[in-house]
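# Working through the structure, step by step
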2 protein chains.
Amino acid sequence: MSYTLHRGDALTVLKSLPDESVQAVITDPPYNSGGRTSSDRTGRTARAKYVTSNSAHGLANFPGENRDQRSYRSWLTELLTEAYRASTEHTVAMVFTDWRQEPTTSDALQMAGWTWSGTIPWIKPSSRPRKGGPKQDSEFIIWGVKGSLDNTRDLYLPGHYIASQPRKGRVHITQKPVEVMQQLVQVCPEGGTVLDPFTGSGSTGVAALREGRRFVGVELSAHYADVAEERLRGAFTKDDFELAGPGK
Amino acid sequence: MSYTLHRGDALTVLKSLPDESVQAVITDPPYNSGGRTSSDRTGRTARAKYVTSNSAHGLANFPGENRDQRSYRSWLTELLTEAYRASTEHTVAMVFTDWRQEPTTSDALQMAGWTWSGTIPWIKPSSRPRKGGPKQDSEFIIWGVKGSLDNTRDLYLPGHYIASQPRKGRVHITQKPVEVMQQLVQVCPEGGTVLDPFTGSGSTGVAALREGRRFVGVELSAHYADVAEERLRGAFTKDDFELAGPGK
DNA sequence: CCTCACGATGAATCACAGC
DNA sequence: TGCTGTGATTCATCGTGAG
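All figures in this text were calculated on a predicted structure; none of them were measured in a lab. (Residues numbered from 1 in each chain as written. Chains lettered and ligands numbered in written order. Predicted model: local features only at pLDDT ≥ 70, side-chain atom pairs only at ≥ 80, totals over all residues. Heavy atoms only, no water.)

Once that is clear, we can look at the overall build of chain A. Per the secondary structure count, chain A includes nine helices and ten strands. Here chain A, with 248 residues, has 57% of them falling under the buried criterion. Carbon together with sulfur atoms contributes 47% to the accessible area of chain A, which is approximately 10000 Å² in total. (Helix = DSSP H or I, 4+ residues; strand = E, 2+ residues; numbered from the N terminus. Buried < 20%, exposed > 50% of the residue type's maximum accessible area, 1.4 Å probe, protein only. Areas by Shrake-Rupley, 256 points an atom, 1.4 Å probe, with all protein chains shown as cover.)

Pasting the structure below:
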């Protein structure tokens, strides 16, 4: 299967995609979350927010983490609107979010025209406990459809996932487990095209290729565009396990 | 431990509660969800919306399932505002919701003054599949605090729950597993009071009593008020397992 | 006491006929 | 046209009872 990786701004590149050219949109936008106050959220880099202060790994910072909630919503809406235009009927869109941005994300999805159809918890078993109450050990996948779900396909997907973030060989701060992504990309018919406007280190793309789907990705950071390119090239070889870990 | 069960409208009864008299609010309001159109959601009974047409069980209907989304938000906001007033500093509020009403529920919680602090997925392993995509096998617990979380307590709660709805001896359509509720009520300090404005069949109350907390409940339906009364009376005996199943 | 086969069910969803 | 009610559908999970 083939892939295209655009290096550039997600919105700009999406506007250049032809109508009805993709059959699934699966992405993990920068959450712009992680602080209690607006200045907490916008004044710190992604590394400062999501990485424990004394972490030893040397993961690069990533851009796009300086929007407040209102502008996050309009920005995400515009992006999902373009993705909607580029999608065919029955296309499924899946957007990762944390608990704070969950309402904003479902708003944006619906404002962009998608029919919101569910919320899938992704549970990360090894997360930090919280003294005095419940810990937060899950993120959420908000998903919706352009038009109606194609229920002629013989496909039954789980309603939740339990998987740790890759540890060994992790190359991105918010890297997703490939085994989860391999299930998600199945909402795209075989041979169809999966779009990920925030490719990051490319886990969605690797999963798509492994499952026999084409992939179109966009990544702004030169560093991660290179990492993704390398992982996508090696998607069918054992190399990916050395490049980014087994996704477990 | 003692309990009080009010038979009547939740909002009316809550207004009569004294200030700062409870140390936890744990409840499962009618979701006013289900169906794609507004008339689907507001014009049908809970049974018609949530129970499989050929189910053999004869569980009673429950009231309060006829609000559209706007009025659901204002109604829940007002209710949580009264609960806030009746709570002491550091009180935790936990509200069950489904994926559709999750954004509305977190809005209402925050509008009522609580500090939204997280979303806990409750995963129900035995749920209906969905052809063509992911099934929806979870509900959500939106939780928040009056003021700040008391982090002097030596308490660490899970970030998610995996538990089936009670099957054997179930008495309510939406009955919650007691073993989950027994964990949740621990956000209330021992000997404190747990408030549940929508008592239903009383699982929250049974859990509270078993864990050494007092309980104040409100239930509108005469039928379920009776059921709850009976379960609460038998909370410490084996009777409850016959009345409503072990919650497993 | 354990294993296995069988039957029942789910805070649904969808299509369609009838009004 | 649009709302309403009825019935078919789907499979993992759980309870039951036999072996």
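Here the narrative resumes.
Let us now look at the pattern of salt bridges. Following the criterion strictly, the structure yields 15 salt bridges over all chains and no others. Here Glu139(A) and Lys124(A) are joined by a salt bridge, their closest N and O atoms 2.7 Å apart. Taken as a pair, Glu139(A) in strand E6 (residues 138-145) and Lys124(A) in the loop between strand E4 (115-123) and strand E5 (133-134) lie far apart in primary sequence, 15 residues in all. Owing to a relative accessible area of 9%, Glu139(A) belongs among the buried residues under this scheme. The class of Lys124(A) is buried, set by a relative accessible area of 17%. Here Asp19(B) ties to Arg85(B) by a salt bridge, and the two come within 2.6 Å at their closest N and O atoms. Of this pair, Asp19(B) sits in the loop between helix H1 (10-15) and strand E2 (22-27) while Arg85(B) sits in helix H4 (residues 69-85), and the two are 66 residues apart along the sequence. (Salt bridge = Lys/Arg side-chain N within 4 Å of Asp/Glu carboxyl O.)

All names here are of chain B. Inspection of the region around DNA strand C gives 25 residues, with Ser 55, Lys 124, Ser 127, Gln 165 and Arg 170 positioned closest. For DNA strand C, the fraction of protein-proximal atoms (within 4 Å) that sit in sugar or phosphate groups is 49%. Here a base nitrogen of DNA strand C sits 3.1 Å away from a polar atom, N or O, in the side chain of Arg 128. (Near = heavy atom within 4 Å. Polar contact = N/O pair within 3.5 Å; in protein donor to acceptor, adjacent residues only side chain to side chain.)

Residues and elements named next belong to chain B. Pairing in this open sheet of eight strands is mixed, and the strands run E1-E10-E9-E2-E3-E6-E4-E8 from one edge to the other. At either margin of the open sheet sits one strand with a lone partner, and together these are strand E1 (3-7) and strand E8 (161-162). Alignment of strand E9 (residues 193-196) against strand E10 (residues 214-219), held across four bridges, turns out to be parallel. Bridge pairing links Val 194 to Phe 215 in E10. (Pairing = 2+ DSSP bridges.)

All names here are of chain A. Structurally, Lys 146 is set in the loop between E6 and strand E7 (156-157). Buried within the structure, Lys 146 lacks any salt-bridge partner; Glu 20 is the closest side chain of opposite charge, at an N-O distance of 5.0 Å. A polar contact is formed between the side chain of Lys 146 and the backbone oxygen of Tyr 84, at a distance of 2.8 Å. (Lys, Arg positive; Asp, Glu negative; His and termini not counted.)

Attention now moves to the pairing of E6(A). Residues and elements named next belong to chain A. With eight of eight residues buried, E6 is to be regarded as a mostly interior element. Side chains Ser 138, Phe 140, Ile 142 and Gly 144 project from E6 onto one buried face, and the interleaved Glu 139, Ile 141, Trp 143 and Val 145 project onto a second face that is buried too. Here strand E3 (residues 87-97) runs beside E6; their pairing, made up of six bridges, is antiparallel. Looking at E6, one finds that Val 95 is bridged to Ile 142. Judged from the eight bridges that link them, E4 and E6 form a sheet pairing that is antiparallel. Opposite Thr 119, over in E6, you have Ile 142 as the bridge partner.

All names here are of chain B. Overall, the coordinates contain eleven aromatic pairs over all chains when judged by the stated rule. Ring geometry for Tyr 72 against Trp 75: centres 5.9 Å apart, planes inclined by 45°, an arrangement best described as tilted. One end of the pair, Tyr 72, and the other, Trp 75, are both in helix H4, three residues apart, so they sit about a helical turn from each other. When its relative accessible area of 13% is taken as the criterion, Trp 75 is described as buried. With centroids separated by 5.1 Å and ring planes inclined at 85°, the aromatic side chains of Tyr 84 and Trp 114 adopt a geometry described as edge-to-face. (Phe/Tyr/Trp six-rings, centres within 6.5 Å; stacked < 30°, edge-to-face > 60°.)

A few words now on the environment of Gln23(B). All names here are of chain B. Take Gln 23: it is sitting in strand E2. With 59 residues separating them in the primary sequence, Gln 23 and Glu 82 have C-alpha atoms 14 Å apart. Leave out the neighbours within four places in its chain, and Gln 23 touches Thr 88, Thr 91, Val 92, Val 187, Cys 188, Pro 189, Gly 192 and Thr 193. Here the side chain of Gln 23 touches Thr 193 through a polar contact of 2.9 Å, landing on its backbone nitrogen. (Contact = heavy atoms within 4.5 Å.)

Bringing the environment of Ser33(B) into the picture now. Residues and elements named next belong to chain B. Tracing the backbone through its elements, the reader meets Ser 33 in the loop between E2 and helix H2 (38-42). For Ser 33, a relative accessible area of 0% corresponds to the buried category. Each C-alpha atom of the pair Ser 33 and Tyr 72 lies 9.9 Å from the other, and the pair is 39 residues apart in sequence. Filtering out sequence-adjacent residues up to four positions away, Ser 33 remains in contact with Arg 41, Lys 49, Tyr 50, Glu 65, Asp 98, Arg 100 and Gln 101.

What follows deals with helix H8 (residues 222-233) of chain B. All names here are of chain B. Over its twelve residues, H8 runs 17 Å from end to end, which matches the ideal 16 Å to within 8%, given 1.5 Å per residue. Among the residues of H8, Tyr 224, Ala 225, Val 227, Ala 228, Arg 231 and Leu 232 are the ones counted as buried. Seen from one end, H8 has its buried residues packed into an arc of 165°, which puts them on one side. In H8, the exposed residues that point more than 90 degrees away from the buried face are Asp 226 and Arg 233. (Expected span 1.5 Å × (residues − 1). Arc of directions from axis to C-beta.)

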